[in-house]
Structures are given as structure tokens and as C-alpha cells.
Amino acid sequence: MPRVSRDVVFVDGVRTPFGKAGSMYAETRADDLVVSCIRELVRRHPELPLDRVDEVAIAATTQTGDQGLTLGRTTALLAGLPRSVPGYAIDRMCAGAMTAVTNVASGIAFGAYDVAIAGGVEHMTHHPMGFDADVNPRFVAERLVDPSALVMGATAENIHDRYPAITRERSDAYAALSQQRVGRAYEDGIIQESLVGVALRSAELGWGLASADEPPRPGTTREALATLRTPFRPHGRVTAGNAAGLNDGATACLVAAEDVAGELGLPAAMRLVSYAFAGVDPEVMGVGPVPSTEKALAKAGLAIADIGAIEINEAFAVQVLAFLDHFGVDAEDPRVNPYGGAIALGHPLASSGVRLMIHLARAFRDHPEVRYGITTMCIGLGMGGTVVWENPAYTGGVAA
């Protein structure tokens, strides 16, 4: 009989530097970005026999072209994993990599797998969001959703309408804070530790190396953000400065049964406690993390007061603020995105879930007095996803 209900751990995660759409990765394939991540995971963990990898789950929102053809399997082969290692592709829009992790973690807990690789990629240069999608006209014709639900920036403006206390000034202040935190994290060498360099080739410039994120704008101020236009609505509140950009990038991580990780000598950076996904009105998709977090906390028997570290994806500042206001958490609370977030770093859709996990694992390492943390994000078409994690290095409330 297979073992069931085993503890599952996040071993390690890596990512490519995130690029701006149309820029440094314009002539790099999406699947090769994933391959770079898988190879780096393998390089960092020589203690892992490659034939012990039971599954490779890779997400992409637009599954066509160089993001198509069953990414998990194709990237496993391209990365040099044994041909015995299977793989598959996943799509849950922005929460693709998060879903890849929860899927393989469920398989591990059930006993179907011992070790798996999960991650995601989005090459928005090659595949702009929604490009060539054939949206069923009944959504609008039969008034199943508000037309604004199909434009993510418009859904963020809708959240501003629903919560007038979240002003543009508050959103700009949060966006400037994200930039400042990323700047400090770069200065402290925190961001760089999870990055894998990617060789670049340009017909115009020749060969190069991507070694740092392209989107951050050091020195961004609230005053500068206040001058930006509002592309989704005249006199609106959502701008390019208080929202994540259009980006290219990939992530990958190792997930394992805790007992197997111990057997193989793999480190346990985080232990999975619970997870949940929830749906909301598509036209205010950014509030999705509220019910998904409530659901995940209830499953874990925890309250928001028990959570000492919060990694929330910054698709839009207003979406983060709606979450924080709901749970009574201050925007400058040091528990929240201490190393910055997607407004500064970028948000290559399906890859971002693992980027959140990488940051949370680092926060656990920095704060052994913190026992529980969450990774959470909003998801296009009206969803939210949340994973609750436990710090294996927890010291019982006393900092090491």
C-alpha cells in the first residue's frame, strides 16, 4: 500500500531574471527559460539522484508556440533529466506555478510521488496576454460577466470603485515602497541568490547574459508616480507605476516528501500546511486572495494573527491594499513583502507563484521566530489562491 498523508516540503526554488516584454528575452525561447531553471536546480542539489524525480509540472497561461507542447515533459527532456521522468503542463493564469506546486504536493502527500519539480513561465513578448484567444461571446452577450472582467487593468479600477478608501495616493505610496524594498534587497544580495543567469543572443548586439531583473526602477517616488497617466480609464487611479508590468521570465522549484528529503539530504526550506483556491466576481478579480486566504487559514486552523510572513503578488497596488485592509494589516507592516514584489520585480504571469515561495523561504530563514507564512495571489477571471507554509526552523518565538 502506498503511504498517504505525508508531510510535504519546499526544498529550493530558482528563477530567471525577469525581463520587460519586448526587451532582453525577445530572441530567447520560453521553454529555454524553464530549462535554465531546471538545470540550475539540479546543479545546486547534486545530492538528488535525477531518477528520483517523479514528475515535472510547468505552467503557462498562453499554451502555444514555445510555451506549448506539454511544457513539463519537453523541458524535462531539454534539461537532460532521464527519459523516465514524466511531465505535464498547467494553466491557472497568474497562479499557474502556484497550482503546479499544490498539484505535485498533493500527489506527494497521497504517495504518488516522492520528489517533483514545479514551476512556470510566461513570455509576454512572444505571447501577449489573451493574444489569439477566442473568448466565447456568450460571456458578454448573456451578461455572464461584466465586459471589464476581460481587461485586468479595468478590474483594478473596479476595486478602486468598490473601496473608495483605497485612493490613488495610497496605491502610489505602496508602489514606491515596493520599489524601495526591492532596492534594499538587491543591495543586501537577497534577490541575487535565487537568480540563474541566462545567455542572451541578439542579432543586433550579439551574445550577452541576463543576471538581474530588468523592471525595477530605483529611486521611484510617490511624486513621480503621481504624474503618470491612467490608461484604463480617464482620470482613473491605475497606472504603469502602481501595477506590475508586462514581463518575461520563468521559475522552478523542488518539492518533496519530508521523509524522502531527509533520506536524500535535501534541505527543507518550508513545510506545506494547507492551500485553497476561491472564486470571486470576475470584474473584481483582485479581491480573490481574501476568500482564498480565509479558506486556507480555516483548513489549517489558523487566523491571520498567526501569520508572521506574508508574500502577496502585486499585480496591482489596489489589490494588495484591499487584502491588507480586509485583514487589518498595515501596508508598511514588515511582515508583508519585505523584499519587494511584482510592482518592482515584474509579473511574468504563470511563473510568479514560485517567486513568492522563494521570497517566503528567505523570510523564514531570516526570521526563525516566525512559524507560519502565506503565499497568495489574485488570478484572472475572478479567483484567488493561497498556500499556508510552516517554518521548519521555527524556534518557538525566540529569535536565533
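Residues numbered from 1 in each chain as written. Predicted model: local features only at pLDDT ≥ 70, side-chain atom pairs only at ≥ 80, totals over all residues. Heavy atoms only, no water.

Caption draft 1: Focus on the environment of Thr-221. Mapping Thr-221 onto the fold places it in the loop between strand 7 (206-210) and helix 7 (222-225). Sequence separation between Thr-221 and Thr-293 is 72 residues; the distance between their C-alpha atoms is 31 Å. (Helix = DSSP H or I, 4+ residues; strand = E, 2+ residues; numbered from the N terminus.)

Caption draft 2: Structural view of the pattern of salt bridges. Scanning the model with the defined rule gives 23 salt bridges in all. Here Arg-271 ties to Glu-258 by a salt bridge, and the two come within 2.7 Å at their closest N and O atoms. One end of the pair, Arg-271, is in strand 9 (residues 270-279); the other, Glu-258, is in helix 8 (residues 258-264), and 13 residues separate them in sequence. Close ionic contact of Arg-362 with Asp-366 constitutes a salt bridge, the shortest N to O distance being 2.9 Å. In this pair, Arg-362 and Asp-366 are both assigned in helix 12 (residues 352-366), 4 residues apart and thus about one turn of the helix distant. Exposure remark for Arg-362: the relative accessible area of 16% places this residue in the buried category. Residue class for Asp-366 comes out partly exposed when judged on its relative accessible area of 31%. In the salt-bridge network here, residues are joined through shared partners; they are Arg-6, Arg-52, Asp-114, Asp-259 and Glu-263. (Salt bridge = Lys/Arg side-chain N within 4 Å of Asp/Glu carboxyl O. Buried < 20%, exposed > 50% of the residue type's maximum accessible area, 1.4 Å probe, protein only.)

Caption draft 3: Representation of the nonpolar core. In this structure, Val-56, Ile-117 and Trp-389 are the most contacted members of the largest nonpolar core, which totals 87 residues. In terms of residue count, helix 12 provides more of this core than any other element does, 8 residues in total. Once you skip the residues sitting within four places of it in the chain, Val-56 turns out to touch Ile-38, Gly-72, Thr-75, Ala-76, Leu-81, Val-85, Pro-86, Gly-87, Tyr-88 and Ile-117. Counting residues in hydrophobic clusters, the runner-up holds 40 residues, among them Ile-166, Ala-276, Val-318 and Val-336. (Core = buried A, V, L, I, M, F, W, Y, C linked by side-chain atoms within 4.5 Å. Contact = heavy atoms within 4.5 Å.)

Caption draft 4: Structural detail: empty space enclosed by the protein. Under the definition given, this model contains 1 cavity of 30 Å³ or more. One number sums up the size of the largest cavity: a volume of about 40 Å³. Along the walls of the largest cavity sit Ile-190, Ile-191, Glu-193, Ser-194, Ile-358, His-359 and Arg-362, which together make up its complete lining. Residues belonging to the lining of the largest cavity are distributed by class as follows: 3 nonpolar, 2 polar and 2 charged. (1 Å grid on protein atoms, 1.4 Å probe; cavity = no way out; pocket = protein on both sides within 12 Å on 5 of 7 lines; lining within 4 Å. Points joined across faces, edges and corners; volume = space filled by probe spheres on them. Nonpolar A, V, L, I, M, F, W, Y, C, P; charged D, E, K, R; others polar.)

Caption draft 5: Inspection of helix 6 (residues 168-187) at higher detail. Across its 20 residues, helix 6 extends 29 Å between first and last C-alpha, which sits within 8% of the 28 Å expected from 1.5 Å per residue. Of the residues trailing helix 6, Gly-189 is marked for its positive phi of about 75°. (Expected span 1.5 Å × (residues − 1).)

Caption draft 6: Representation of the environment of Val-14. In this structure, Val-14 sits in strand 1 (residues 8-15). Classification of Val-14 by relative accessible area gives buried; the value is 0%. Note: C-alpha distance between Val-14 and Gly-262 (248 residues apart in sequence) is 21 Å. If we ignore the near neighbours within four places in the chain, the residues touching Val-14 are Cys-37, Glu-40, Leu-41, Arg-44, Ser-194, Thr-251, Ala-252 and Ile-358.

Caption draft 7: Geometry of the packing of helix 1 (residues 30-44) against helix 2 (residues 71-78). Here helix 1 crosses helix 2 at 60°, and the two axes come no closer than 9 Å. Between helix 1 and helix 2, the crossing angle belongs to the class labelled oblique. Pair helix 1 / helix 2 crosses with right-handed handedness. Residue-level contacts link Asp-31, Val-34, Val-35, Ile-38 and Arg-39 of helix 1 to Leu-71, Thr-75, Ala-76 and Leu-78 of helix 2. (Axes fitted to C-alpha atoms, helices over the stretch in contact; angles between N-to-C directions. Parallel < 35°, antiparallel > 145°, perpendicular 65-115°, else oblique. Left-handed = near helix turned anticlockwise from the far one by under 90°.)

Caption draft 8: The packing of aromatic side chains, seen in detail. One pass over the structure, following the stated rule, counts 3 aromatic pairs. When the centroid spacing of 6.0 Å and the interplanar angle of 75° are considered together, the rings of Phe-10 and Trp-389 count as edge-to-face. Placement of the pair is Phe-10 in strand 1 and Trp-389 in strand 12 (residues 383-390), with a sequence separation of 379 residues. A relative accessible area of 1% places Phe-10 in the buried class. When its relative accessible area of 1% is taken as the criterion, Trp-389 is described as buried. Where Tyr-275 meets Phe-277, the ring centres are 6.2 Å apart and the plane angle is 70°; that geometry is what we call edge-to-face. Owing to a relative accessible area of 15%, Phe-277 belongs among the buried residues under this scheme. Positioned above the aromatic ring of Phe-18 is the side chain of Arg-15, whose terminal nitrogen or guanidinium carbon lies 4.5 Å from the ring centre. (Phe/Tyr/Trp six-rings, centres within 6.5 Å; stacked < 30°, edge-to-face > 60°. Lys NZ or Arg CZ within 6 Å of the ring centre and 35° of its normal.)

Caption draft 9: Representation of a nonpolar patch on the surface within the structure. A grouping of Val-135, Phe-139, Val-140, Leu-144, Leu-150, Val-151, Phe-232 and Leu-381 is seen on the molecular surface, where their side chains present a nonpolar patch of about 660 Å² in accessible area. Note on placement: Leu-144 falls in the loop between helix 4 (138-141) and helix 5 (152-162). (Patch = residues over 30% accessible without salt bridge, like charges linked within 9 Å, V, L, I, M, F, W, Y side chains within 5 Å. Areas by Shrake-Rupley, 256 points an atom, 1.4 Å probe, with all protein chains shown as cover.)

Caption draft 10: Expanded view of the layout of surface pockets. For the largest pocket, the calculated volume is near 1200 Å³. Met-124, Met-129, Met-152, Leu-246 and Leu-349 are the residues nearest the centre of the largest pocket, which is lined by 45 residues in total. Computed from the structure, the second largest pocket encloses a volume of approximately 340 Å³. Along the wall of the second largest pocket there are 18 residues; nearest its centre are Asp-12, Ala-269, Ala-361, Arg-362 and Arg-365. Secondary structure elements with two or more residues in the lining of the second largest pocket: strand 1 and helix 12. For the lining of the second largest pocket, the element with the most residues is helix 12, which contributes 5 residues. Class assignment for the residues of the lining of the second largest pocket results in 10 nonpolar, 3 polar and 5 charged.

Spatial relationships are all this shows, so hold off on functional conclusions.
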